Amino acid sequence: MDTNQSPTSSAPSAPRSVQFRKEREASWRELEDIVQRVQNKSLSSLDDRDLQRLPLLYREAMNSLSVARATALDRLLVRYLEALCAQSYLAIYGARRPSRRMLWALFVAVPSEIRKASRELLLAILFFAAGIAVAWSLVDRDPQWFHVFVSPQMAAGRTPWATTESLQNTLYESRQKSGDALSVFASFLFTNNARVGLLAFSLGFLLGIPAAILLFYNGLVVGGFLSLFASRGLLIPFLGWLLPHGVPEIFAVLLCGGAGFLMGRALLLPGPLLRTEALRNAGLRASLIVTGAIFLFAYAALFEGFFRQLIVDDVLRFLVALLQCLLLLWWFYLSQKQEQKDLAAENFEQEPQTWSLQASPLGGGK
Amino acid sequence: MRRKPSYQSEESKQRTVSILPPEGVPLQFVLAPVSSRFSALAFDLLLITISMYLMVFVLIAIFVAGGLLKSGGGYALSFWIIGIFLIRQCYFFFFEMIWQGSTPGKRLLGLRVIARDGRPLGLQGLIARNLMRDIEVFIPLGLFSQAFQMGNESAWLSWMAMGWCLIALTFPFFHPQSMRIGDIVGGTFVIVIPKAELEVDKARQTTLARKAQISFTPEQLAIYGEYELETLAQILRKVDEDKADADDLRIIARTIADKIRYEGHEPLSTPLVFLQIFYAAQRKALEQKLIWGQRKANKHQRS
């Protein structure tokens, strides 16, 4: 067992790791200093020289770490190197500030995510439509049902016992309200709707059940109103009143529901993945969809708060609703074009556009 | 001299995750303990509350100064409604985005968010993990008051939602790594920011030790293994912190001398010098063998 031992090892001289450390300590200290500055501020606060040194020093430290792990018996040294490498790794790879390009990429990525989740979206439409159908048929048969589906605050006088004229007036009343009162209305609508939408998404991971309930419930409310106005022959004016803001708003509700189903499905049917991994994949996709939905909610609230009170012409209202549909389609078209462009670029460069583990942000390392 | 938590027990208490960077050397990160995550959250919630109040004062001040309160009071109200929504939804997201994965609370406690797959922290992951925060923190807080106060038809909805939220709330207690749902959905970890401190190497000889004529034969250095070496290193570190007792050192030195059959007066006369030189020699011998791929974990292992 002593065959490999050199005879000098019994003399009280320094172990190898002491020499090892002496040779490299200066560069570790330099890295420590640079990384500390990155931690306190950001990567962009470094000057050119340090920025050039950082990846070199980092690789050196990583090298030292793997050597130390294998050959050094100084636990403190190994721990120091582990911490130093971990810090530098975080400084280099940990986080990147979003650029304008990333935000644009996010904007055009939303519709393509929505298209990929079309099955979930279809399910969301189904639940919403079921809510409408159930409420419509029930209220049609017995107006008493209306109260079950629509709370008094929401009905605000629009009940089966109101006269047709008063119902008609609610559609066309151009409230002579000042802009600031309308802005309160709009902002309330936005936050309230967005909150409901977020709830549909975030509770969706529970097998999608809460998302289904929320969609169905919202469908019931819309169905109740539809049935009420249809029974007075006011269906077309009511749609004119609803659709200008309803197109983006209902679409956003459906999106949130779909995002919830996406998560629910990941939990229920993770496929070959671990449930954690499936949930993460679904969560990343769903978060994009929900972000899109939040902006739609904000946009819809502006229309609901201001536009609805200011424009009272049926034709104009339907035109605006059509415009909303076109805008949504344009968004989808934009995203598809960008996607094709990315795909073409990808084929050309033989390299994925997205960040992969092999590509280091500081160049090289492939 | 016996300080209860020796560092081995400290280390085993921590939960770590391993991440493989592109350089191919796996790195260990310490997962943030629940207690410090909770403190960070509490601090952030405090900041959120303060900033909400601050916003009210600023809005009032602006509108009073501009004489707009009568005509434009509605605008102030709508600013307030949207502002609260934005603060609530975006506070965590915003700071984690611009501050390398730390909110003020996390920074205070030395925590940060990283992506589970070792890639840079993406926007989507941050959005996802913070959207889920809604059902874990804010909504349960709000629902309690709502379910009791309103007493209207939609109270059943509140109660039901609260039931769901309870699942999310209690989730970390069942998860082996006590991750919250937001972390799972966003694909993130919350880790303790590592601190690198390089201490003086115990194997560097003091001048006193160099003068002493102590040497060991290869046979004497083939008895102990890495575990004993590390234990000795800990003892020597305690000497530096003035936590070691001279008598204890003497007993340790004698025990070692007996075990390796070292004959000489040093273990009794200058136990510290003996231990220091023995540590250096033992480490040198073990490291020498390590290069040849021979590990000796402890004294019971036969090489």
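The structure presented is a predicted model; accordingly, all values stated were derived computationally and were not measured. (Residues numbered from 1 in each chain as written. Chains lettered and ligands numbered in written order. Predicted model: local features only at pLDDT ≥ 70, side-chain atom pairs only at ≥ 80, totals over all residues. Heavy atoms only, no water.)

*Asks:* What is the right way to look at the side chain of B:Ser36 in this model?
*Replies:* All names here are of chain B. Counting through the fold element by element, Ser 36 comes out in helix α2 (residues 34-65). Residue Ser 36 is classed as buried on the basis of its relative accessible area of 12%. Reaching out from Ser 36, the side chain makes a polar contact with the backbone oxygen of Pro 33 at a distance of 3.1 Å. The contact partners of Ser 36, leaving out residues within four places of it in the chain, are Leu 109 and Leu 111. (Helix = DSSP H or I, 4+ residues; strand = E, 2+ residues; numbered from the N terminus. Buried < 20%, exposed > 50% of the residue type's maximum accessible area, 1.4 Å probe, protein only. Polar contact = N/O pair within 3.5 Å; in protein donor to acceptor, adjacent residues only side chain to side chain. Contact = heavy atoms within 4.5 Å.)

*Asks:* Would you mind showing me how to read the environment of B:Phe189 here?
*Replies:* Residue and element names in this part refer to chain B. If you trace the backbone, Phe 189 turns up in strand β4 (residues 188-192). Classification of Phe 189 as buried rests on a relative accessible area of 8%. Remark: the alpha-carbon pair of Phe 189 and Val 17, spanning 172 residues in sequence, is separated by 8.9 Å. The residues contacting Phe 189, other than those within four sequence positions of it, are Val 17, Leu 31, Arg 112, Val 113, Ile 114, Arg 116, Gln 177, Met 179 and Asp 183.

*Asks:* How should I be thinking about the nonpolar core in this particular structure?
*Replies:* Burial of nonpolar side chains together is a common tendency in soluble globular proteins. Judged by nonpolar contacts, the single largest core of 133 residues is most densely connected at A:Phe205, B:Phe29 and B:Ile135. When residues of this core are assigned to their parent elements, the largest contribution, 15 residues, is made by helix α11 (residues 235-268) of chain A. Among all residues touching B:Phe29, those that are not within four sequence positions of it are A:Ala86, A:Tyr89, A:Leu90, B:Arg15, B:Thr16, B:Val17, B:Ile19, B:Ile114 and B:Ile191. The next biggest cluster of nonpolar side chains, apart from the first, holds 28 residues, and it includes A:Leu73, B:Leu236, B:Ile256 and B:Leu275. (Core = buried A, V, L, I, M, F, W, Y, C linked by side-chain atoms within 4.5 Å.)

*Asks:* Hey, could you run me through the interface of chain B and chain A in this one?
*Replies:* Many descriptions give the size of an interface as the accessible area lost when the pieces come together. At the junction of the two partners, chain B supplies 102 residues and chain A supplies 96 residues. Of the roughly 8,900 Å² buried at the junction of chain B and chain A (both faces included), carbon and sulfur atoms supply 64%. Of all residues in chain B, B:Phe85, B:Trp164 and B:Leu198 give up the largest surface area on contact with chain A, accounting jointly for 8% of the area buried on that side. The residue B:Glu23 makes a salt bridge to A:Arg59 at a minimum N-O spacing of 3.8 Å. (Buried area = accessible area lost by both parts, 1.4 Å probe. Salt bridge = Lys/Arg side-chain N within 4 Å of Asp/Glu carboxyl O.)

*Asks:* Whenever I open this one, the environment of A:Asp140 confuses me. Can you help?
*Replies:* Residues and elements named next belong to chain A. Positionally, Asp 140 belongs in helix α5 (residues 118-141). When its relative accessible area of 51% is taken as the criterion, Asp 140 is described as exposed. Placed 84 residues apart in sequence, Asp 140 and Gly 224 show a C-alpha to C-alpha distance of 8.7 Å.

*Asks:* Would you mind going over the packing of helix α10 (residues 209-231) of chain A against α11(A) with me for this structure?
*Replies:* Packed helix pairs are specified by the crossing angle of their axes together with the interaxial distance, meaning the distance between the axes. All names here are of chain A. Between α10 and α11, the shortest axis-to-axis distance is 10 Å and the interhelical angle comes to 170°. If you check the angle between α10 and α11, you find them roughly antiparallel. Between α10 and α11, the contacting residues are Ala 211, Ala 212, Leu 215, Asn 218, Phe 225, Leu 226, Phe 229 and Ala 230 on the first element and Leu 235, Phe 238, Leu 239, Val 253, Leu 254, Gly 257, Gly 260 and Phe 261 on the second. (Axes fitted to C-alpha atoms, helices over the stretch in contact; angles between N-to-C directions. Parallel < 35°, antiparallel > 145°, perpendicular 65-115°, else oblique.)

*Asks:* It is not clear to me how the packing of aromatic side chains should be interpreted in this structure. Could you clarify?
*Replies:* Ring pairs (aromatic) are described by centroid distance and by the angle formed between their planes. Tallying each qualifying case throughout the model produces 22 aromatic pairs over all chains. Considering the side-chain rings of B:Phe95 and B:Trp99, the 5.3 Å spacing of their centres and the 50° angle between planes classify their relative orientation as tilted. Each member of the aromatic cluster is reached from another via a ring pair, and the members are A:Phe146, A:Phe225, A:Phe229, A:Phe238 and A:Trp241. Taking NZ or CZ as reference, B:Arg107 lies 4.4 Å from the ring centre of B:Trp99, over its face. Above the plane of the ring of B:Phe92 lies B:Arg133, whose end atom (NZ or CZ) is 3.7 Å from the centre. (Phe/Tyr/Trp six-rings, centres within 6.5 Å; stacked < 30°, edge-to-face > 60°. Lys NZ or Arg CZ within 6 Å of the ring centre and 35° of its normal.)

*Asks:* Before we go on, may I ask you to explain the packing of α5(A) against α10(A) in this structure?
*Replies:* Residues and elements named next belong to chain A. Here α5 crosses α10 at 40°, and the two axes come no closer than 6 Å. Of the possible angle classes, the one that applies to α5 and α10 is oblique. Considering the relative orientation of α5 and α10, their crossing is right-handed. For the pair formed by α5 and α10, the contact residues are Ala 124, Phe 127, Phe 128, Ala 130, Gly 131, Ile 132, Val 134, Ala 135, Trp 136, Val 139 and Asp 140 on the first element and Ala 212, Leu 215, Phe 216, Asn 218, Gly 219, Leu 220, Val 222, Gly 223, Gly 224, Leu 226, Ser 227 and Ala 230 on the second. For the contact of α5 with α10, a count of residues per class yields 16 nonpolar, six polar and one charged. (Left-handed = near helix turned anticlockwise from the far one by under 90°. Nonpolar A, V, L, I, M, F, W, Y, C, P; charged D, E, K, R; others polar.)

*Asks:* Just checking my understanding: could you explain the pattern of salt bridges for this structure?
*Replies:* Two side chains with opposite charge may pair up if their charged atoms get near one another. All names here are of chain A. A complete count under the given rule lists 27 salt bridges over all chains for this structure. Residue Glu 120 is joined to Arg 265 by a salt bridge in which the shortest nitrogen-to-oxygen separation is 3.0 Å. Placement of the pair is Glu 120 in helix α5 and Arg 265 in helix α11, with a sequence separation of 145 residues. Glu 120 sits in the buried class, given a relative accessible area of 5%. What makes Arg 265 partly exposed here is its relative accessible area of 34%.

Read these as geometric descriptors, not functional statements.
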